[in-house]
Amino acid sequence: MTKSDTPSPRPFQHPLPGSALCCGSVSLEALAKRYGTPLYVYSADQILERLSLFQQALQPRDHLVCYAVKANSALAILKLLAERGAGFDIVSGGELERVLAAAPEAAGRVVYSGVGKTAEEIDRALTAEILEFNVESEAELALLAARAARLKRKARFALRVNPDVFAETHPYISTGLREHKFGIDIRQAPRIYKSAAGSRWLQAHGVSVHLGSQIRSANPFGVAIERVNKLVRQLRKDGIVIESIDAGGGLGIDYHAGVFDAAAKVREYAAAIQDALAGFEGRLLIEPGRFLVAQAGALVARVLQVKRSGKKTFVITDAAMNDMIRPALYQAHHEIVPVKPRAGKPRVVDVVGPVCETGDFFARDRKLAPVEPGDLVALLDAGAYGMAQSSNYNSRLRAAEVLVEGAKARLIRRRETMADLLATEIL
Ligand SMILES: *Cc1c(COP(=O)(O)O)cnc(C)c1O
């Protein structure tokens, strides 16, 4: 096996049996002591390793990896990725502002997706001279043309087409079917591109698709891109030359324990897309979110109580659904491990937070190594859609975030204070 074939270990490991769980060489126990809990901890090394997996696999052709900011929008992570050449997929004016703050030089590598862009958001993106607007309806295209005319700036656009491909995933994160709110029916696309060709302020730059999220098989990506490539050939016959194909994001990870061969997954994904792109000479964009950051992150929480009630045992942590909503929202599975293992037999428990909702759980009927009040536990694979979906529900303060780079850890977001909590309100 060559080095690149070796499945890289997950970044959160016990260096020795019985020692504290570490991110790289940094102890989570030490980080929790220094920065408090709940605490998000991310491995910069793993994020960059994942980025380079995509960059290497797509090497044979002109490509740009546009990180989907919504997965984890921490400025420090955006900066890290931008420095390695990544572009960004954004879905709001707020996300554009984040990219401009973290990496202003990357503005020209931004694609802007989303079904409901406002005139103000479009203006800001036009002024920032982003790479491409991924347009999701004819009405949006008309709005884009109007704003571009006002600002006298040409708008590069891609139609986000809906290829009618079913990607087996959770219904809330599946987007590629005609019945979903996203995109434009691929059969309507030629007509719309032709009508846009008459507009002085619109430039047909690309075609984009996005099938959904947490898609585990490469097959749907190949099928969708084949349909897009066919559309591009058809457009060329009509005299419309498409420079880029955006394959969207959605490549899934394994949230269960065990070895996950990320390199093999990326190779399989890239091969499916490359095959489907046969004959296309332009640039390939992809928009991975989860795959880049999910496994690089853990949510560290402290056990507040261990409560027995009837036949059940509840491990109550100081992290809750407001910090990480995936289990409640998608019935998502996250591995949970004690930071410092104790001797003793595992117990079947529910791991829950203090929020007043029955849905506030991280795991149900889970076999967990023994823990006591005061112990730390880590919720793994929490780097994507964790902090990004957090809220102040129950008037809880949002967690702090730490980025581990090599042997060094630094705070990239301080914990919210009570003053932050009240800051925007008017009595
Ligand atoms: C959410 C989203 C992504 C990223 O999806 P992942 O599953 O995190 O890779 C990419 N593109 C668009 C348009 C999205 O909405």
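So, how was this worked out
Residues numbered from 1 in each chain as written. Predicted model: local features only at pLDDT ≥ 70, side-chain atom pairs only at ≥ 80, totals over all residues. Heavy atoms only, no water. Axes fitted to C-alpha atoms, helices over the stretch in contact; angles between N-to-C directions. Helix = DSSP H or I, 4+ residues; strand = E, 2+ residues; numbered from the N terminus. Parallel < 35°, antiparallel > 145°, perpendicular 65-115°, else oblique. Left-handed = near helix turned anticlockwise from the far one by under 90°. Contact = heavy atoms within 4.5 Å. Core = buried A, V, L, I, M, F, W, Y, C linked by side-chain atoms within 4.5 Å. Buried < 20%, exposed > 50% of the residue type's maximum accessible area, 1.4 Å probe, protein only. Domains from an automatic or database assignment. Polar contact = N/O pair within 3.5 Å; in protein donor to acceptor, adjacent residues only side chain to side chain. Pairing = 2+ DSSP bridges. Salt bridge = Lys/Arg side-chain N within 4 Å of Asp/Glu carboxyl O. Near = heavy atom within 4 Å. Nonpolar A, V, L, I, M, F, W, Y, C, P; charged D, E, K, R; others polar. pLDDT = per-residue confidence, 0-100. Patch = residues over 30% accessible without salt bridge, like charges linked within 9 Å, V, L, I, M, F, W, Y side chains within 5 Å. Areas by Shrake-Rupley, 256 points an atom, 1.4 Å probe, with all protein chains shown as cover. Lys, Arg positive; Asp, Glu negative; His and termini not counted. Charge placed at Lys NZ, Arg CZ, Asp CG, Glu CD. Phe/Tyr/Trp six-rings, centres within 6.5 Å; stacked < 30°, edge-to-face > 60°. Lys NZ or Arg CZ within 6 Å of the ring centre and 35° of its normal.

### Considerations on the packing of helix α7 (residues 189-196) against helix α8 (residues 219-237)
Next, step 1: With their axes 10 Å apart at the nearest point, α7 and α8 run at an angle of 40° to one another. Considering the angle they form, α7 stands oblique to α8. For the element pair α7 and α8, the recorded crossing hand is right-handed. Where α7 abuts α8, its residues Ala189, Pro190 and Tyr193 lie against Leu231, Gln234 and Leu235.

### Let's talk about the nonpolar core
Next, step 1: Ranked by internal contacts, the top residues of the largest apolar core, which has 116 residues, are Phe88, Phe133, Phe157, Leu159 and Tyr193.
Next, step 2: Shared between two domains, this core takes at least three residues from each, and those domains are domain 1 (3-42 + 295-416) and domain 2 (113-288).
Next, step 3: Judged by nonpolar contacts, the second largest core, of 20 residues, contains Leu21, Leu39, Ala378 and Val402.

### Concerning unusual backbone geometry
Next, step 1: In this structure, Pro38 follows Thr37 across a cis peptide bond, with omega equal to -10°.
Next, step 2: Here Pro38 is to be found in the loop between α1 (28-35) and β4 (39-43).
Next, step 3: Although it is not a glycine, Glu129 adopts a positive phi angle of roughly 55°.
Next, step 4: Mapping Glu129 onto the fold places it in the loop between α5 (119-127) and β8 (132-135).
Next, step 5: At Lys152, a position not held by glycine, the phi torsion is positive, near 55°.

### With respect to the packing of helix α2 (residues 44-57) against helix α3 (residues 75-83)
Next, step 1: For the pair α2 and α3, interaxial distance at closest approach is 10 Å and the crossing angle is 40°. Considering their axes alone, α2 and α3 lie oblique with respect to each other. Along this stretch, α2 crosses α3, giving a crossing that reads as right-handed. Residue-level contacts link Ala44, Ile47, Leu48 and Leu51 of α2 to Ile77, Leu80 and Leu81 of α3.

### Side note on the environment of Gly248
Next, step 1: Its place among the elements puts Gly248 in the loop between β12 (244-246) and α9 (262-276).
Next, step 2: The exposure class of Gly248 is buried, given its relative accessible area of 0%.
Next, step 3: Taking the C-alpha atoms as reference, Gly248 lies 25 Å from Pro327; in sequence the two are 79 residues apart.
Next, step 4: In this view, Gly248 contacts Val209, His210, Tyr269, Leu285, Ile286, Glu287 and Pro288; residues no more than four positions away in its chain are not counted.

### Notes on helix α4 (residues 93-102)
Spacing of three or four residues puts side chains on the same side of an α-helix, whose turn is 3.6 residues.
Next, step 1: Within the span of α4, buried status applies to Gly93, Glu95, Leu96, Val99, Leu100 and Ala102.
Next, step 2: Structurally, the start of α4 carries an N-cap: the backbone nitrogen of Gly94 is 3.3 Å from a side-chain oxygen of Ser92.

### Focus on the sheet that holds strand β2 (residues 22-23)
Next, step 1: The three strands are arranged β1-β2-β3 in an open sheet whose pairing can be described as antiparallel. Each having just a single partner strand, β1 (12-13) and β3 (26-27) make up the two edges of the open sheet.
Next, step 2: Relative to β3, β2 runs antiparallel, the two sharing two bridges. Directly across from Cys22, in β3, lies its bridge partner Ser27.

### Focus on the pattern of salt bridges
Next, step 1: The final tally for this structure, using the stated rule, is 21 salt bridges.
Next, step 2: The closest approach of N and O atoms between Arg191 and Glu138, which form a salt bridge, is 3.0 Å. Here Glu138 lies in helix α6 (residues 138-151) and Arg191 lies in helix α7, a separation of 53 residues in the sequence.
Next, step 3: Residue Arg191 is classed as partly exposed on the basis of its relative accessible area of 42%.
Next, step 4: A salt bridge links Lys312 to Asp350, with the nearest nitrogen and oxygen atoms 3.2 Å apart. Within this pair, whereas Lys312 is found in strand β15 (residues 312-317), its partner Asp350 is found in strand β17 (residues 347-352), the two being separated by 38 residues in sequence.
Next, step 5: Connected via shared salt-bridge partners are Lys312, Asp350 and Asp365.

### Focus: the site of the ligand
Next, step 1: Taken together, 15 residues form the shell around the ligand, and within it Lys70, Ser213, Glu287, Arg290 and Tyr385 come nearest.
Next, step 2: In the environment of the ligand, a nitrogen atom lies 3.1 Å from a nitrogen or oxygen atom belonging to the side chain of Asp89.
Next, step 3: Contact distances for the ligand include 2.9 Å between an oxygen atom and a backbone N or O atom of Gly289.
Next, step 4: When grouped by side-chain class, the residues that make up the shell around the ligand number three nonpolar, seven polar and five charged.

### A look at the confidence of the model for the protein
Next, step 1: Per-residue pLDDT for the protein averages 94, and the proportion of residues at 70 or more is 95%.
Next, step 2: Across residues 1-5, confidence stays below pLDDT 50; counting only partners more than four residues off in sequence or on other chains, it has six contacts.

### Digging into a positive patch on the surface
Next, step 1: Where like charges cluster on the molecular surface, the positive patch consists of Arg227, Lys230, Arg233 and Lys237.
Next, step 2: By relative accessible area, Arg227 is classed as partly exposed at 37%.

### Points about the domain arrangement of the protein
Next, step 1: Along its sequence, the protein is organised into domain 1 (3-42 + 295-416) and domain 2 (113-288).
Next, step 2: A separation of 35 Å is found between the C-alpha centroids of domain 1 and domain 2.

### What to know about the packing of aromatic side chains
Next, step 1: Summed over the entire model, instances satisfying the criterion amount to eight aromatic pairs.
Next, step 2: Geometrically, the ring pair formed by Phe54 and Tyr269 is edge-to-face, given 5.9 Å between the ring centres and 80° between the ring planes. Of the two residues, Phe54 is situated in helix α2 and Tyr269 in helix α9; the sequence distance between them amounts to 215 residues. Here Phe54 and Tyr269 have matching classes, each one buried.
Next, step 3: With centroids separated by 4.9 Å and ring planes inclined at 85°, the aromatic side chains of Phe221 and Tyr269 adopt a geometry described as edge-to-face. With a gap of 48 residues between them, Phe221 in helix α8 and Tyr269 in helix α9 connect regions that are remote in the sequence. Side by side, Phe221 and Tyr269 carry an identical accessibility label, which is buried.
Next, step 4: The ring of Phe291 is capped by Arg50, whose NZ or CZ atom sits 4.9 Å from the centre of that ring.
Next, step 5: Just above the ring of Tyr112 sits the side chain of Lys117; from NZ or CZ to the centre is 5.2 Å.

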